[in-house]
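Architecture at a glance
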Amino acid sequence: MHDYIKERTLKIGEYIVETRNTVRTIAREFGVSKSTVHKDLTERLPEINPELASKVKEILEYHKAIRHLRGGEATKMKYHKGDDERAGSAVKSKRVERRKGVSSGL
């Protein structure tokens with residue numbers, strides 16, 4: 001394994017432990033693909049630094065456990081993005097009233 005790959009792997013490992021960011025966010029910040037980040041963290045890091053790899057594994061498992069929640073929130077934001085633009089319209093007020101009725105019953 002090349003030295004620059006080892007260095008990148010260690011930097012990414014330490015970074016995810018410090019920030020607890022997602023793989024996608026880290027990939028953007030380091031300028032590599034999310035596949036590269038994932039491979040660095042799951043395959044290469046255990047060979048280089050097993051102790052750091054166990055901490056990273058816990059974080060990745062946590063992200064995996066809550067991914068359905070993140071996806072649901074992203075979808076909600078996607079479809080309600082235009083609501084701010086129509087804030088004063090009657091369509092908006094009806095839609096909000098309907099949502100309040102449904103959510104208040106839960």
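This text goes with the structure placed above it.
In this report, we go over the structure that sits alongside the text. Counting of residues starts from 1 at the beginning of each chain's written sequence and follows it residue by residue. The model is predicted, so local features are restricted to residues of pLDDT at least 70 and side-chain atom pairs to those at 80 or more, both for listing and for counting; the totals for chains, interfaces and linings are taken over all residues. Side-chain metrics rest on all non-hydrogen atoms present in the structure, leaving aside hydrogens and water.

**With respect to the overall build of the protein**
Only DSSP runs of H or I reaching four residues or more are called helices, and only runs of E reaching two or more are called strands; each is numbered from the N terminus. When helices and strands are counted, the protein shows 6 helices and 0 strands. Listing the helices and strands of the protein from first to last along the sequence gives α-α-α-α-α-α. In the protein, buried positions account for 23% of the 106 residues. Any two residues whose heavy atoms approach within 4.5 Å at even a single point are treated as in contact. Taking contacts inside the protein between residues at least 6 apart in sequence as the whole, the part at least 24 apart equals 56%. With residues, only the protein chains shown are counted as cover, and all accessible areas are computed by Shrake-Rupley using a 1.4 Å probe. Counting every atom, the protein has about 8,000 Å² of accessible surface; 52% of that belongs to carbon and sulfur. Only protein chains enter the accessibility calculation, which uses a 1.4 Å probe. A residue is then buried if its area is under 20% of the maximum for its type, exposed if over 50%, and partly exposed in between.

**Side note on the side chain of His 63**
Following the sequence through the fold, His 63 ends up in helix H4 (residues 50-65). With residues near it in sequence (within four places) discarded, His 63 still touches Arg 20, Asn 21, Thr 22 and Arg 70.

**Topic: the packing of aromatic side chains**
In this scheme Phe, Tyr and Trp rings, the latter by its six-membered ring, pair at centre separations within 6.5 Å, and the angle between planes marks the pair as stacked below 30 degrees, edge-to-face above 60, and tilted otherwise. Under the defined criterion, the tally for this structure stands at 1 aromatic pair. Pairing Tyr 15 with Phe 30 gives two aromatic rings, centres 5.5 Å apart and planes at 75 degrees, and the pair type is edge-to-face. With a gap of 15 residues between them, Tyr 15 in helix H1 (residues 3-19) and Phe 30 in helix H2 (residues 23-30) connect regions that are remote in the sequence. Residue Tyr 15 is classed as partly exposed on the basis of its relative accessible area of 22%.

**Some remarks on the pattern of salt bridges**
A pairing counts as a salt bridge when a side-chain nitrogen of Lys or Arg comes within 4 Å of a carboxyl oxygen of Asp or Glu. Under the criterion given, the structure shown has 3 salt bridges. Its salt-bridge partner being Asp 40, residue Arg 8 comes within 2.8 Å of it at the nearest N-O pair. Here Arg 8, found in helix H1, pairs with Asp 40, found in helix H3 (residues 34-48); they are 32 residues apart in sequence, far enough to count as distant. By the burial criterion, Arg 8 is buried, and Asp 40 matches it. With a closest N to O distance of 2.4 Å, Arg 44 and Asp 40 form a salt bridge.

In short, shape yes, function no, at least from these values alone.
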